[in-house]
Amino acid sequence: MARNKFDVDEELESAFDINQLKRMVQYLKPFKGKIILTVLLMLLASGATLTGPYLIKTAIDDKIPNGDVGGLALLAGFYLAAITVTGFCLKYRIRMMSQIGQSVILQLRKDLFAHLQTLSFSYYDSRPHGKILVRVVNYVNSLSDLLSNGIINVITDLFSVLVIVGFMLAIDVKMTLAAMAGFPFLIGFIFFIKTAQRKAWQQLSNKQSNMNAYIHESLNGIKVTQAFAREEENEQIFREVSNSYRSAWMKGVKIQFLLWPVIENISVITVSFVYVTGIFWLNGSVTAGELVAFVGYIWMFWQPLANIGNFYNAIINAMAYLERIFETIDEEPAIQNAPNAGILPPIRGEVTFDHVVFGYEGEKNILEDVNFTVNPGDTIALVGATGSGKTTIINLISRFYDTKSGSVRVDGINIKTVTLSSLRSQMGVMLQDPFIFSGTIMDNIRYGRLDATDEEVIEASKAVQAHRFISEMEEGYETEVNERGTRLSSGQRQLISFARALLADPKILILDEATSSIDTETEMALQKGLEQLLEGRTSFIIAHRLSTIQNADRIFFIDGGRIVEEGTHNELMKKGGAYSKLYLSQRRALEAG
Amino acid sequence: MRDYKSGLFLGFSLVLLVAGLNMLNPYFSGRIVDDVVYGGKIELLWVLLGFMIAVTMVKTVIRYSFQLLFERTSQRVIFTLREQLYARLNELDFRFYDRTKTGDIMARMTGDMEAVRHFTAWTTYMIVENICVLLFAIVFMFTIHAPLTLAMIAVTPVIAFFAYRMSSEVRPTFSEIRAQFARLNSVVQENISGNRVVKAFAKEDHEIGKFSAENKAFKEKNIQSARVWEKYLPVLDSLAGVLLVVMILAGGFMVIQGSLTIGELVVFNSLIWALNNPMRMAGWLINDVQRFIASAEKIEDLLNEQPGIANTLSKKAPAVSELSVQFQDVTFRYEDEPVLSNITFGVKPGQTVAIVGPTGAGKSTIVNLLCRFYDADSGEVKVEGMNVKEWDIRSLRRHTAMVMQDIFLFSDTIEGNIAYGMPDATMEQVKMAAEKAEAHAFISKLPEGYDTIIGERGVGLSGGQRQRISLARALLLDAPILILDDTTSAVDLETEMRIQKTLRSVLQKKTCFIIAHRISSVKEADLILVLEDGRIVERGRHEDLLKRKGRYFNVFKNQFGDFDSRQFGEEVM
């Protein structure tokens, strides 16, 4: 598996794809009505605002020379009405803008998050978690402005441009054409910078992702960093990571900021051109008032054009994020429900491996032809050296990975034919390293079965010998804990995770080095309770402690991805094979004390 | 901010210059209208247009430069802020991390930083620019016609009033948005970090539910803020529009009366944007300022967070190759919960102390106090006769190499992970450490050997493999004090035996702390401490403790009981 680390940019596989924009637009579809209404209101508003120059033209050309005070007052009144209308339109627009923008963000983020839940271990294992986090939280946020302000602005601006051109045409056609002369230059320029800009923003999103990943990992590993007094080294690395983000940013804005000056220069040249044409070529056919009003419109004409240019900028920028978001949404889960997957009915707990072979893509096989059938209620101990494939076997039972060939069956049903959730919800897995969610201890145990009552939680804790230390804490089950926290020792975390697994009341229980950090006495006590708990459950146990292993109904000795011996402790000891050798060597080691 | 003074000063000067230049074009427009269009002085047209174009070019170049200048300055500001925050995060002690969620810190390092960036890069100069434009316009208008100017700026106090109201109302909404952003960050962050548990328990729907609640709340908080904008921004906008009404009415009247020329009115008209725009912008800028304040406060809080564990003035860093350790009547509480009581013991240089006892007895706390991850509430922890509080913290920690119970590996190569504490270590040194930790064999079998990148938290490796990498990481340091906290719990017994054999020679020269559950791991120690509920209940060497037939003996018996209970009936002792 190729893994990514914080300072490696994630390669993007797709080229600039207009479809991603179309997909984005899909998110806006439910708000079509609202968008149209908002745009109409905004047009009304800009129409009202646009009356300004016309009113002034009338005032200067007509009312003032004629000394018509009443007419002036009428014009003023008219404009007052116009700004009131504008005000109301603006109010509505702000409301719609926030609702539409926020709703789209909500939906997009939800889709992204929900999809992440379907992705398998390999996705999470192959990149720093900070890089996933940045997509769900920060990238999506970066789109919010484009989706709310941007879309509405650009539609409104497009219409404004049309309306203004209309006004201009009404005044004079030839001058309007003169005013348009700068337009091709602008288009040309925008296309010219597009490629450079897209690259710059992609670079930026990569650097942002790297930086986030580094911060995130630094936080998670803070204890190691402090223990090894490596702060200065890390600060140096962070400085570099942070600096490449800064450079990428500057590169981006250098290009982006070019747009505005270019537009301003083109517009001033256009205005000059219009003055010249108005005065020389059209001599006499344009009134002074018309010319003044016309120039007023040109300024107004370039404003929305500049906005549209900026919108284009924003889209290029957003694409860098959008690509990443859709890339994640499109990531095919390595493990997924079969198209017609059924629900696994309540199981008895029989587990069969039928010629199971497993290995990662392009790597040596980890399991070779594993075969066994475990009867419901049996306890199986998996024994073997580190890396022999024990954990892989149990990962296949929960279908955390899929077999390369062969099948895994529960109660005779191939687990690939049933839904993941119906399979996994009937299993209790205690992972090698327990994860503690931030929240109370109660919540953490209850994670195993969300509708469990407090009593049931306490019951489960008692069964795994966790009740004593929990109730000794100041706030007992309500004590707040978190992942990085040092509130709990490793042994205590394991006990909590154990209680969590038991609370799920699973038919199949999987304990992967579940008790490695627990002291012998607690473990002994645990074992007594465990015997009852294991009754009626099929359990798979990986442990190094001999006591745990000896009590199992069957022992699988695994070596090089195969089950080389199996049987009860006594049978295997009689056989005098690998297991008995291991056992005796350990015994000797202990005796030496 | 002080470091950026010169840059900001230059920037603001350029802003002023541009604001001044902005006044010129309307003036030229006015001249064109007055002198050329109405006055018929066509020869002036070329000059005026030439000026207009030249001014625009100069203006846009300057504007581009100062925009970049402000961007650069703002990048420097947040670069420094990030650097300071990062350094602060490295200093903060475990108590801080016990109560702070990762997502909350991430929010400060990303979302809040963005608010600061936006403010310094854009809002600051927009404010200055708008104020300048407004003032210039007013001054300019005054020189043309004072009464009309006065009439027009009469609306300003009303605008100021509404702007003020908006400012105070919008502030709390931004605080809530950013708080919610932190919560959203946390829920996503934990979901990603805990993805294995989520899948193992098939709790995806529950997770989506948890997330959706925060996601919705984030939307609501944003909309709440928009409600305030909705209330004030249109009012501010309309008030800015009133200026035009005043101009038409009062200006027109004055022209009719003859106290104002029509050309002057045109100049006013062309300057009206300079009054209008700043007033329109006021609302948006206020939003930005308030958003900035809400975020800056949080960043400042974190910057001002004082580490509970810090160097005292006397910080000393003796360089010694062998160190003794003493605990004298040490008591430690976590909040109000007693964790350690009256712990007293001493270790001579080169000796090995083993600590055994039930889960949660306080074993790890003893070594955490030694490395000063926490400070004792009373009593003294001394290393080489000196209270650890007087040691330079980093020097103390460099003298203690620790293998932690809770293993964290970084998403880096195996080599990078082993060399974590000594980044300039040679490949030879790394390999040697790996060999001592019995890790070399399995690492060499990996397709990419020491260059294999392991995932965050070491996923992809088994528990035992991670423990051995973590052991190699500590051994590489060759520090005088070695702490092994439950180092081999996930390693199979055979490997453990081999590790112990190689460690034996390493340990001879070091002061060593071993926390373990297996008697086999501790029996050779010079001193064994049996801990229970934070107290030392038994102490001595293996043989002494067995003779006492106390707790240690029981544990020993239990572990050997495994053998007794089955076909090995003979006495093991």
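Residues numbered from 1 in each chain as written. Chains lettered and ligands numbered in written order. Predicted model: local features only at pLDDT ≥ 70, side-chain atom pairs only at ≥ 80, totals over all residues. Heavy atoms only, no water.

A. Molecular detail of the overall build of chain B. Secondary structure assignment for chain B yields 19 helices and ten strands. Taken over the C-alpha trace, chain B has a radius of gyration of 36 Å; the compact-globule value for 573 residues is 25 Å, which it surpasses by more than 25%. Once the C-alpha set of chain B is aligned to its principal axes, its extents read approximately 125 × 50 × 45 Å. Here chain B holds 573 residues, and 62% of them are scored as buried. Taking contacts inside chain B between residues at least 6 apart in sequence as the whole, the part at least 24 apart equals 76%. In the structure as shown, chain B presents an accessible area of about 21600 Å², 57% of it carried by carbon and sulfur atoms. (Helix = DSSP H or I, 4+ residues; strand = E, 2+ residues; numbered from the N terminus. Rg over C-alpha atoms; globule rule 2.2 N^0.38 Å. Buried < 20%, exposed > 50% of the residue type's maximum accessible area, 1.4 Å probe, protein only. Contact = heavy atoms within 4.5 Å. Areas by Shrake-Rupley, 256 points an atom, 1.4 Å probe, with all protein chains shown as cover.)

B. Summary view of the pattern of salt bridges. If you walk through the whole model with that rule in mind, you get 41 salt bridges over all chains. R239 of chain A is paired through a salt bridge with E83 of chain B; the nearest N and O atoms lie 2.4 Å apart. Pair noted here: R239 of chain A is in helix α9 (residues 231-256) and E83 of chain B is in helix α2 (residues 43-91), and the two residues belong to different chains. A residue is classified by how much of its surface remains accessible, and R239 of chain A, at 29% relative accessible area, is partly exposed. (Salt bridge = Lys/Arg side-chain N within 4 Å of Asp/Glu carboxyl O.)

C. Region of interest: the sheet that holds strand β2 (residues 365-374) of chain A. Residues and elements named next belong to chain A. Read across the sheet, four strands follow the order β2-β1-β4-β5 without closing on themselves; strand pairing throughout is antiparallel. Each of the sheet's edge strands pairs with one partner strand only, and the pair in question is β2 and β5 (413-414). With two bridges joining them, strand β4 (residues 405-410) and β5 adopt antiparallel strand pairing. Looking across to β5, one finds that V410 is bridged to I413. (Pairing = 2+ DSSP bridges.)

D. Broad picture of the packing of helix α15 (residues 454-463) of chain A against helix α17 (residues 490-503) of chain A. Residue and element names in this part refer to chain A. Packing of α15 against α17 brings their axes to within 9 Å, and their N-to-C directions diverge by 120 degrees. Relative to α17, the element α15 lies oblique. Helix-helix and strand crossings are classified by hand; for α15 and α17 the assignment is right-handed. Packed against α15, whose contacting residues are E456, V457, A460, S461 and A463, the element α17 presents A499, L502 and L503 at the interface. (Axes fitted to C-alpha atoms, helices over the stretch in contact; angles between N-to-C directions. Parallel < 35°, antiparallel > 145°, perpendicular 65-115°, else oblique. Left-handed = near helix turned anticlockwise from the far one by under 90°.)

E. Spatial organisation of empty space enclosed by the protein. The full count for this structure, using the stated rule, is twelve cavities of 30 Å³ or more. A volume near 260 Å³ is recorded for the second largest cavity. Lining the second largest cavity are 19 residues, with Q432, D433 and Q494 of chain A together with Q405 and R466 of chain B positioned closest to its centre. Of all elements in the fold, only α17 of chain A together with α15 (463-477) of chain B reach the threshold of two or more residues within the lining of the second largest cavity. Considered class by class, the residues forming the lining of the second largest cavity number three nonpolar, nine polar and seven charged. (1 Å grid on protein atoms, 1.4 Å probe; cavity = no way out; pocket = protein on both sides within 12 Å on 5 of 7 lines; lining within 4 Å. Points joined across faces, edges and corners; volume = space filled by probe spheres on them. Nonpolar A, V, L, I, M, F, W, Y, C, P; charged D, E, K, R; others polar.)

F. Geometry of the pairing of strand β4 (residues 378-383) of chain B. Residue and element names in this part refer to chain B. One ladder, built from five bridges, connects strand β1 (residues 325-334) with β4; its direction is antiparallel. Within β4, the residue paired with T331 across the bridge is S378. Pairing analysis gives two bridges linking β4 to strand β5 (residues 386-387), with the strands arranged antiparallel. Bridge assignment links K382 to a residue of β5, and that residue is N387. Two successive antiparallel strands, β4 and β5, enclose a turn made up of two residues, where E384 displays a positive phi of approximately 50 degrees.

G. The interface of chain B and chain A, seen in detail. With 173 residues of chain B at the interface, the matching set in chain A holds 172 residues. Taking both sides of the interface into account, the surface hidden between chain B and chain A amounts to around 16500 Å²; carbon and sulfur atoms contribute 64%. Considering only the surface of chain B that becomes buried against chain A, Y86, K199 and F201 of chain B emerge as the three largest contributors, covering 5% of it. Summed over the shared surface of chain B and chain A, the result is seven salt bridges. Among the salt bridges present, the one from R95 of chain A reaches E230 of chain B, with a minimum N-O distance of 2.5 Å. (Buried area = accessible area lost by both parts, 1.4 Å probe.)

H. Seen up close, a nonpolar patch on the surface. Residue and element names in this part refer to chain A. Nonpolar side chains collect at one region of the surface, where L169, V173 and L177 lie side by side and expose about 290 Å² of accessible area between them. Secondary-structure assignment places L177 in helix α6 (residues 173-179). Taking the relative accessible area as the measure of exposure, L177 reaches 60% and is therefore exposed. (Patch = residues over 30% accessible without salt bridge, like charges linked within 9 Å, V, L, I, M, F, W, Y side chains within 5 Å.)

I. Main features of the pairing of strand β3 (residues 352-356) of chain B. Residue and element names in this part refer to chain B. Burial analysis of β3 places five of its five residues in the buried class, the great majority of the element. Neither face of β3 is left uncovered, since the one carrying T352, A354 and V356 and the one carrying V353 and I355 both have all their residues buried. Direction of pairing for β3 relative to strand β8 (residues 511-515): parallel, over a ladder of four bridges. Residue pairing for β8: A354 is matched across the bridge by I514. Where β3 and strand β9 (residues 527-532) come together, four bridges link them in parallel fashion.

J. The arrangement of a negative patch on the surface in detail. On the surface, D443, E474, E475, E478 and E480 of chain A together with D336 of chain B cluster together into a negatively charged patch. For E478 of chain A, the location among the structural elements is in the loop between α16 (467-472) and β8 (480-481). E478 of chain A gets classed as partly exposed once you look at its relative accessible area, which sits at 42%. (Lys, Arg positive; Asp, Glu negative; His and termini not counted. Charge placed at Lys NZ, Arg CZ, Asp CG, Glu CD.)

K. Just the environment of T110 of chain B, in detail. Following the sequence through the fold, T110 of chain B ends up in helix α4 (residues 102-144). Under the relative-accessibility criterion, T110 of chain B is labelled buried at 10%. Linking T110 of chain B and R82 of chain B, residues 28 residues apart in sequence, is a C-alpha distance of 9.4 Å. Other than its neighbours up to four places away in sequence, T110 of chain B contacts N138 and N212 of chain A together with F181 and N185 of chain B. Of note is the side chain of T110 of chain B, whose polar atom sits 2.8 Å from the backbone oxygen of M106 of chain B. (Polar contact = N/O pair within 3.5 Å; in protein donor to acceptor, adjacent residues only side chain to side chain.)

L. Seen up close, the confidence of the model for chain A. Per-chain confidence: chain A averages 86 in pLDDT, with 97% of residues scoring 70 or above. Mean pLDDT values over the elements of chain A span from 74, in helix α18 (residues 520-534) of chain A, up to 95, in β4 of chain A. (pLDDT = per-residue confidence, 0-100.)

M. Representation of the nonpolar core within the structure. By size, the foremost hydrophobic cluster in this structure holds 211 residues, and its most contacted members are Y275 of chain A together with M152 of chain B. The dominant element in this core, judged by the number of residues it contributes, is helix α11 (residues 288-330) of chain A, at 22 residues. Apart from residues no more than four positions distant in its own chain, Y275 of chain A is found in contact with L291 and V295 of chain A together with S29, I32, V33, L45, L49 and M52 of chain B. Counting residues in hydrophobic clusters, the runner-up holds 94 residues, among them A227 of chain A together with V388, L475 and I483 of chain B. (Core = buried A, V, L, I, M, F, W, Y, C linked by side-chain atoms within 4.5 Å.)

N. Representation of the packing of aromatic side chains in the model. What the rule picks out here adds up to 38 aromatic pairs over all chains. Measuring from ring centre to ring centre gives 6.1 Å for Y214 of chain A and Y86 of chain B, while their planes differ by 25 degrees; the resulting arrangement is stacked. With Y214 of chain A in helix α7 (residues 183-220) and Y86 of chain B in helix α2, this pair bridges two chains. Each member of the pair, Y214 of chain A together with Y86 of chain B, is buried. Through pairs of rings, three or more aromatic residues link up here, namely F94, F332, Y334, F373 and Y374 of chain B. The ring of Y123 of chain A is capped by R127 of chain A, whose NZ or CZ atom sits 3.9 Å from the centre of that ring. Across the ring face of F121 of chain A, the terminal group of R196 of chain B is positioned such that the distance to the ring centre comes to 4.0 Å. (Phe/Tyr/Trp six-rings, centres within 6.5 Å; stacked < 30°, edge-to-face > 60°. Lys NZ or Arg CZ within 6 Å of the ring centre and 35° of its normal.)

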